[in-house]
Structure formats: C-alpha cells, structure tokens
Amino acid sequence: MNRTVARDHREVGSIDPAFFADVAEVVGAGQLLRDADVVAGYTSDWTGRFAGTSPAVVRPGSTEEVEALVTLCRRHGVALALQGGNTSLSGGTVALNGEVVCSLRRLTSLELDPASGQATVGGGVVLSDLQEAAETAGWAYGVDFASRGSATLGGSIATNAGGIRVLRYGDTRAQLLGVAAVFGTGQVVSHLGGLIKDNTGYHLPGLLCGSEGTLGVVTAARVRLVRRAPEQVVALLAFADAASAIEAALALRRQLTALSAVELFFEPGMALVCEHTGLANPFDRPHPAYLLVEASDDRDPMPDLSRAVDSLRAVSAVAVATDRARAAELWRYREAHPEAINHHGTPHKLDVSLPAATLGDFVDRVHAVVASVSSDAEVWLFGHAADGNVHVNVTGLASDNDSVDDAVFRLAAELGGSVSAEHGIGTAKRRWLHLNRTESEIAVFGRLKAALDPDGVLNPSVLLGG
Ligand SMILES: Cc1cc2nc3c(=O)[nH]c(=O)nc-3n(C[C@H](O)[C@H](O)[C@H](O)COP(=O)(O)OP(=O)(O)OC[C@H]3O[C@@H](n4cnc5c(N)ncnc54)[C@H](O)[C@@H]3O)c2cc1C
C-alpha cells in the first residue's frame, strides 16, 4: 500500500517566476537550466523505462546553496527530484510529478586522509574518482559496481548501494563514518570528524543511507577506506546447472578467506554479452551456468583458490586470470550484462534477494512464474551470488505492464526474500513495499518523513510517495 506524505505543491506552470529568480541568485544563473532540450537530458532514467517532465534543473555547488534552495522550495511550495549520476535502476531520479530536478554533481570536493585511512567526499564525486584517489594514496574504497564511472557517492549513500564486494567489505552503510546533509526542514548537519567510535546519539548517516533522498540531501560524507589487497586472482567457473553453481558460491564463501567477489550468471546472458561486446565465449562450448570468482590477499591467493575450486563438486570448466588485463576481460562477461540487456530491449529491473536456503528454489521457479504471466517476456538472470542477490531482468514487456514485476516480487517474498536487494524502492517498486515492511513500519517511515521533510520538498515521488 502506498502512503502519500502530505504536501501541496504547485503545478509546474504555476510555479512563481520569483522562485526561479531567487534560485538563480543562489546558484548563479548558469546553474539554473531552463532550456527544454537541456532539461530533457535529466528527465528519463538509465534504462529508458521511466520518464518524467520538469520545468528546470538546478545545480547547486555547496551545502550552503543546497540549504538555500531547500528553504526557497519550502517557501514557494516547490518539490525537488534529486539526482546524482542518474544510474538508478528503480526510477528513483525521475520527476514523475513535475518536480524541479536538483542535480548534485557539482559537489565534487575530495579530501583524503591517508594516515587514518579515511576520506571526506562531496556527494557529487563519481565513485571511480574516489576509487582512483584512494588507490593513489595506497588505500581502496570498499564499494564497487559496474556504473562506477557515473554513479556518485551521494547517490550510492541514498540507495545504500551494494555491488560486487559486499561479502568482503559490506554495503555503503558500512563505509560511513559521518555525513553532511540538508534535511527537508532546511536544517544542516555536518558530522565529518571520522571518529571510529562515537556513540553520541542517533546515527544520522545510518538513517540517511538508504533513505533515497526522501529525508535529506547528502552533500558530503566521511568514509572509511580499506586496505588494498595487492595480489588478486579472477576465475570463471562453468557449471552444468544453476543448483551446482549456487551450491559452489555458498561453499566458496565458507572455505576461502581471500574471497572478494562471487558473481552468478547464465548462458543466455553470456551469449547476449558476447554478441553485444564481440567477446568470444572463454570456453570451447557454452555451459548453462557460470560463477565469476575473485580472491585477493597480501600473498598470491592462487593456491588457496585452486584448492577451494578442486573441492567443489560439479565444476565443468575453469578459466583463470592472473594479470589485470585478463581479469578485466573475465569481469566484462559479468559486468556487461546490464548494457547488453538494455541494448536488447527496455528492461524491467527486479533486484531481489533471497535467503541462502531458498536462492536455488527461486532461480528454479522464476522462469515458469514469468511465463505464466507473459509469453512475450524474456528473462535474464545475474547477480551477486554470495549475497543471495539476483537481478531478474525482463525484456519484451511494455514499460507500464507490471504484471511480471508483481509475480516475481511475490515469489521472492513467498521465499523469504526482499523486493529490493540494493537498488532501492525508487518510484518503480512503491506498490510492493508492503511485501517486506509491515503497516507499522511504513507508518514509522511516514512519521520520519513528516518530521524531517514536513512539506514534502525532497523526492515526493520516491519510496513512500504516490
Ligand atoms: C550498469 C549498472 C550497474 C549497477 N550495478 C549496481 C550494483 O552492483 N549495486 C548497486 O547497489 N547498484 C548498482 N547500480 C545502480 C546504481 O548505480 C546505484 O544505485 C548508484 O548508487 C546510484 O548512484 P547515482 O549517483 O547514479 O544516483 P542516482 O541514480 O542519481 O540517484 C539514486 C537515488 O538517490 C537519490 N540521490 C542522488 N544523489 C543524492 C544525494 N546527494 N543526496 C540524497 N539523495 C540523492 C536520487 O534522488 C535517487 O532516489 C547499477 C547501475 C547501473 C546502470
């Protein structure tokens, strides 16, 4: 059941021109974009499934400018659709109700503290820039995923992004030591001291992380960095069926201390990726299921990885990379899935997670469940196997036909899983929030929203909005 937070926003055409004049004064005229063609570049999502309309894009460049912008929005009854790198896969950035788009990509300050292994990072810093800067200082940032070249730190905090190394370093929430943010009330908080132990009240980073921009705008964060493991091996394992691959993923997690990633995909996706990228299948014949395994350590993890792989039942074939170039090539078979699928057709992105005990059951049943609802749908499965996270991508459906979404989410919930492992609820999954959250929990969410964004200025179409 969707809950609508009280708000009374002006229709697009009725926004007081004085609002735009005041905004231009705050951010500078060049950072208020009103040209319809330019604005159109900010109103659809990465998949092309969701599109909205907006009268303008505002690009604040500091916490103070965000604070002034939120205050103006409250005064004029204007709502914002927050946007970082716009790589959301749940329609979280789309101005569905004529919101003014607030692009946060100009918040690009980045200060490393190599001694403490921490960094203070602007909300608009692109993830790959943070990763490269950390590496230059002898550290690494623990969160990584395929959209690293566009996704921002603020967006990854707002969605509590996961990615490929959650099993080793945890999700985005686990990296957060502090945030600077502007709440929907216009209040500014900044707690960036980086103390590892600091039990002084409510943990605002934890509250903002995963709140999908509905409570506050994250303008900066203090994040922990992780030790770089200098030695790395990547292997692609082939299996005769999904059950063997899933069993192997769970066994590797138990056996291999150096394990840093285990990614699952299947032959239809492999074939699509090969066709899209021009890569050849790394094996002499196709196999039904694949695991991409990465191990990293201070010393060469190859002997431990070989022992662990030898102990697995039912591995049909193995391709190994010990140098960076070959490792990147093996990773590409997995990471090119989203772009290859997008190229094939506009996907419905159903990012579910399952308990270890029912993951195999879900993978077994999902094709039949989809087929029972639509004979046109094509299903592509891949995901972060060790986290129980399967990305069910469905093409061949109209963007607004969510009958398959409904069937897949219900199957996940029936098997004890979540309708959103890591992409968030966004605007796409609001109607299924109740499958994972009780009435009482959703009521508490509404109370938090009402307290911290009483006028519904921030992302009113996301998570709780209708
Ligand atoms: C190819 C591809 C692969 C991906 N792989 C993964 C993956 O493995 N794991 C994963 O978790 N995600 C993945 N994603 C999804 C997406 O990249 C992440 O959710 C990412 O964290 C979004 O960052 P962004 O800057 O693009 O945020 P946006 O898409 O711009 O925004 C995401 C949400 O956060 C809000 N928001 C943005 N910036 C702020 C801010 N500063 N303050 C408050 N709210 C804000 C937006 O309103 C929106 O609701 C993938 C996406 C693509 C395209």
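Note that this is a predicted model, so its numbers are computed, not measured. The residue count restarts for each chain, going from 1 along the sequence in the order it is written. Only residues with pLDDT of 70 or above have their local features reported here, since the model is predicted, and side-chain atom pairs are shown and tallied only from 80 upward, although totals for entire chains, interfaces and linings are computed over all residues. Side-chain metrics rest on all non-hydrogen atoms present in the structure, leaving aside hydrogens and water.

How do you make sense of the sheet that holds strand β8 (residues 176-183) when you look at a structure like this?
The five strands lie next to each other as β5-β6-β10-β8-β9, forming an open sheet whose pairing is antiparallel. Two strands bound the open sheet, and with one partner strand each, they are β5 (110-113) and β9 (188-190). Within the sheet, the average angular offset between the axes of one strand and its neighbour, ignoring direction, is 15°. Pairing between strands requires that DSSP locate at least two bridges from one strand to the other. The way it works is that DSSP assigns letters per residue, a run of H or I at least four long becomes a helix, a run of E at least two long becomes a strand, and they are numbered from the N terminus. As judged from the three bridges shared by β8 and β9, these two strands associate in the antiparallel manner. Bridged to V182 within β9 is V188. Inter-axis angles, ranging from 0 to 180 degrees, are taken between N-to-C directions of lines fitted to C-alpha atoms, where helices are fitted over the stretch in contact.

I'm lost on the layout of surface pockets in this one. Help?
Empty pockets left among the atoms are what a rolling probe the size of a water molecule brings to light. Here the second largest pocket defines a volume of roughly 750 Å³. Gly counts as polar in this scheme, as do all residues outside two lists: the nonpolar Ala, Val, Leu, Ile, Met, Phe, Trp, Tyr, Cys and Pro, and the charged Asp, Glu, Lys and Arg. Grouping the constituent residues of the lining of the second largest pocket by class yields twelve nonpolar, twelve polar and six charged. Buriedness of a pocket was judged along seven lines, with at least five required to meet protein on both sides within 12 Å; pockets are open sets of points on a 1 Å grid over the protein atoms alone, cavities are sets where a 1.4 Å probe fits but cannot get out, and lining residues have an atom within 4 Å of a point. Grid points are joined across faces, edges and corners, and a volume is the space filled by probe spheres set on the points.

Please explain the site of the ligand as it appears in this structure.
Being near a molecule or strand, for a residue, comes down to having at least one heavy atom within 4 Å of it. In the neighbourhood of the ligand, 35 residues make up the surrounding shell, with L82, G84, T87, S147 and T152 lying closest. What qualifies as a polar contact is a pair of N or O atoms within 3.5 Å, subject to a donor-acceptor requirement within protein and to the restriction that residues adjacent in sequence count only when both atoms come from side chains. With respect to the ligand, the side chain of T87 contributes an N or O atom lying 2.6 Å from an oxygen atom. In this structure, an oxygen atom belonging to the ligand sits 3.2 Å away from a side-chain N or O atom of H384. Considering the ligand on its own, with 970 Å² of exposed area, one finds that the protein chains cover 97% of that surface. Elements that contribute at least two residues to the shell around the ligand include exactly β3 (80-83), α5 (153-158) and β10 (216-224). Residues belonging to the shell around the ligand are distributed by class as follows: twelve nonpolar, 21 polar and two charged. All accessibility values rest on the Shrake-Rupley procedure with a 1.4 Å probe; residue burial counts only the protein chains present in the view.

When you look at the pairing of strand β4 (residues 100-103) in this model, what are you seeing that I'm missing?
Regular strands have side chains that alternate between both faces of the sheet. The buried label applies to any residue whose accessible area, calculated with a 1.4 Å probe on protein chains only, is under 20% of its type's maximum; exposed applies above 50%, and partly exposed to all values in between. Burial of β4 is two-sided: the residues V100 and C102 facing one way and the residues V101 and S103 facing the other way are all buried. Where strand β2 (residues 57-58) meets β4, two bridges bridge the pair, whose relative direction is parallel. In the strand pairing of β4, V57 is matched with V101. Here β3 pairs with β4 via four bridges, running parallel. Each residue of the ladder has a partner; that of L80, found in β4, is V100.

Looking at this structure, I do not really get the nonpolar core. What am I missing?
Taken as a class, soluble globular proteins show a tendency for nonpolar side chains to be buried jointly. Residues enter a nonpolar core if they are buried and are Ala, Val, Leu, Ile, Met, Phe, Trp, Tyr or Cys, with the set joined through side-chain atoms within 4.5 Å. In terms of nonpolar packing, the biggest core is built from 59 residues, with L237, L291, F362 and V392 touching the most fellow members. For this analysis, residues touch if any pair of their heavy atoms sits within 4.5 Å. Setting aside its immediate chain neighbours within four residues, F362 contacts V352, L354, V390, V392, V408, L411, A412 and L415.

Sorry if this is basic, but what is going on with the side chain of H391 here?
As for its placement among the helices and strands, H391 is situated in strand β18 (residues 389-395). On the basis of relative accessible area, H391 is assigned to the buried category, the value being 5%. Within polar-contact distance, the side chain of H391 engages the side chain of E422 at 3.1 Å.

It is not clear to me how the sheet that holds strand β12 (residues 231-239) should be interpreted in this structure. Could you clarify?
Neighbouring strands of a sheet are bound in pairs by backbone hydrogen bonds; such pairs are parallel or else antiparallel. Spatial strand order, β15-β12-β14-β13-β17-β18-β16: seven strands in an open sheet with antiparallel pairing. Strand pairing shows two members of the sheet lacking a second neighbour, β15 (315-321) and β16 (348-353), which therefore form its edges. Neighbour to neighbour, the strand axes of the sheet diverge by 15° on average, direction disregarded. Pairing of β16 with β18 involves six bridges; the strand directions are antiparallel. Residue pairing in the sheet places V352 in a bridge with V390 of β18. The strands that helix α9 (residues 267-277) touches are β12, β13 (259-266), β14 (289-297) and β17 (378-384); relative to β13, the one it contacts most, it runs at about 90°.

For this particular structure, what's the right way to read the pairing of β18?
β18 sits mainly inside the fold: seven of its seven residues count as buried. Along β18, one buried face is formed by N389, H391, N393 and T395 and the opposite face, lined by V390, V392 and V394, is buried too. The loop that links β17 with its antiparallel partner β18 comprises four residues; one of these, G388, has a positive phi angle of about 70°.

I tried to follow helix α11 (residues 324-335) on my own but got confused; where do I start?
An α-helical turn contains 3.6 residues, so a residue and the one three or four places further along point in the same direction. Expected span, for any helix, means 1.5 Å times one less than how many residues it has. Its twelve residues give α11 an end-to-end C-alpha distance of 15 Å, which sits within 8% of 16 Å, the value for a rise of 1.5 Å per residue. Where α11 starts, the residue carrying a side-chain oxygen 3.2 Å from the main-chain nitrogen of A325 turns out to be D323.

Looking at this structure, how should I read the environment of V121?
Along the chain, V121 turns up in strand β6 (residues 118-122). For V121, a relative accessible area of 0% puts it in the buried group. Spatially, the C-alpha atom of V121 lies 9.8 Å from that of A180, the residues being 59 residues apart in sequence. Residue contacts for V121: discarding those within four places in its chain leaves S109, L110, L130, L153, A220, A221 and V223.

Honestly, the pattern of salt bridges in this entry has me stumped. Any pointers?
Two side chains carrying opposite charge are able to pair once their charged atoms lie near each other. One speaks of a salt bridge when a side-chain nitrogen belonging to Lys or Arg is within 4 Å of a carboxyl oxygen belonging to Asp or Glu. Under the counting rule described, the total for this entry stands at 24 salt bridges. Across the pair R148 and D144 runs a salt bridge whose closest N-O atoms are separated by 2.6 Å. Ionic pairing is found between D304 and R307, a salt bridge with its closest N-O pair at 2.5 Å. With a gap of three residues between them, D304 and R307 both fall in helix α10 (residues 302-311), about one helical turn apart. Look at R307 and you get exposed, because its relative accessible area is 54%. Via salt bridges that share partners, D144, R148, R165, E294 and E335 belong to a single interconnected network.

Is there a simple way to explain helix α14 (residues 403-414) in this structure?
The end-to-end C-alpha distance of α14, which contains twelve residues, comes to 17 Å, matching closely the 16 Å that a straight helix rising 1.5 Å per residue would cover. If you check which residues of α14 are buried, you get V404, D405, D406, A407, V408, F409, L411 and A412. Where α14 is buried, its residues contact β16, α13 (356-373) and β18. Looking one or two residues past α14, G416 carries a phi angle of roughly 85°, positive in sign.

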